[in-house]
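The primary structure of each chain is shown beneath.
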Amino acid sequence: MKLIEQYLYVIEQNLPYKGREDIISELRSLILDEIEEKYGPEPTEEQVEKAIQAYGSPREVANRYRNGHVVIGSSYTDLFFFINKIILLSLTIAFSVVFTIELFSTAHTTNEFFIRLVNVPLQILTAALSAIGMQTIVFILITRYFGEQQMNFEENWSPKKLKDIEIGPKPNSKLESILSIIFISVAIVVLNAAPEIILLLESSFQLSGITLTHTINVNVLKGYILFISAVWLAEIMYHIVNLLVGVKTKKIALYELIVKAATLILAVIIITDTNLYVGTTSLLGIRAIFVLIAILALIEVVSKTMKFIKYYLLKSYSSR
């Protein structure tokens, strides 16, 4: 029954990784047995919806199994992770702004610049670990002394919402999405605030003994910054949606594919724009980085296109 599999799929995304397959197998047996006992071997879709509705929303069901695995009460986990996201975003913005201000207010050598640049994510990580650590202690104490508070954030949940869920590839991990948001945000700030960083990168290559056959025309590059930032912002939006939704629907998968395709197209345009490069048109230089980006984007576009066809188009066609 497709609706049951969709239901179990969403529950699975809210379970701890360890033991989730066993839990889903157990749930599948329990739900099927209950439906067969109550409605017979061939229940209607409406009867299946009623059975699922009585069983509870996917998050409620997942929380029943999480209680024995976590030290923070299941009723507090949404708030806990939401505050974590705010902490990470705030620290990223704060340290990026500080870095940008220092970049323009103080003279730096090339080595000092790169040391400072490397220190930014390290400072964010250190501050985030401290803040999240303190917050974790607070939530553990709240759970310990106040117990579980029965909060129902899904009073209007209905099994009909499951029909938009396609059982496809697993979504990106939440950690991956959070890290992507942080680093892409920093990249956008740095590129827009100081596009000359490309020249420093070229200088570092030359200091290391690598002879570049071309250099970047920064004035031409500035014309691409808006488009690069737009693609990166679209990537950030995908990861934000991944954090909020937790499952990969057909629309989300299509959006991700479009973003990867946009990355590929933009990379190809940058590679082929001869006005962007001063010197010969060989690959030995920053152009090689764009070529690498294009190759990786092409691989992702092909891979995600095949998955989209397999998990969404073919399944939709076969289910008719």
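Residues numbered from 1 in each chain as written. Predicted model: local features only at pLDDT ≥ 70, side-chain atom pairs only at ≥ 80, totals over all residues. Heavy atoms only, no water.

K.L.:
Could you give an account of the packing of helix H2 (residues 20–39) against helix H3 (residues 45–55), naming the residues involved and the relevant values?
P.N.:
Taken N-terminus to C-terminus, the directions of H2 and H3 make an angle of 125°; their axes are 10 Å apart at the nearest point. On the basis of the axis angle, H2 is oblique to H3. The hand of the H2/H3 crossing is right-handed. Of the residues in H3, those in contact with Leu 27, Leu 30, Ile 31, Glu 34, Ile 35 and Tyr 39 of H2 are Gln 47, Val 48, Lys 50, Ala 51 and Tyr 55. For the contact of H2 with H3, a count of residues per class yields eight nonpolar, one polar and two charged. (Axes fitted to C-alpha atoms, helices over the stretch in contact; angles between N-to-C directions. Helix = DSSP H or I, 4+ residues; strand = E, 2+ residues; numbered from the N terminus. Parallel < 35°, antiparallel > 145°, perpendicular 65-115°, else oblique. Left-handed = near helix turned anticlockwise from the far one by under 90°. Contact = heavy atoms within 4.5 Å. Nonpolar A, V, L, I, M, F, W, Y, C, P; charged D, E, K, R; others polar.)

K.L.:
How would you sum up the pattern of salt bridges? Please name residues and give values.
P.N.:
Enumeration over the complete set of coordinates arrives at four salt bridges. Of the charged contacts in the structure, one is a salt bridge between Arg 28 and Glu 5, with a shortest N-O distance of 2.9 Å. Taken together, the residues Arg 28 in helix H2 and Glu 5 in helix H1 (residues 2–13) connect sequence positions 23 residues apart. Given the relative accessible area of 28%, Glu 5 is considered partly exposed. (Salt bridge = Lys/Arg side-chain N within 4 Å of Asp/Glu carboxyl O. Buried < 20%, exposed > 50% of the residue type's maximum accessible area, 1.4 Å probe, protein only.)

K.L.:
Describe H2, with residues and values.
P.N.:
Look at H2: 28 Å from first C-alpha to last across 20 residues, which is about the 28 Å you get at 1.5 Å a residue. Immediately downstream of H2, the backbone of Gly 40 shows phi near 95°, a positive value. (Expected span 1.5 Å × (residues − 1).)

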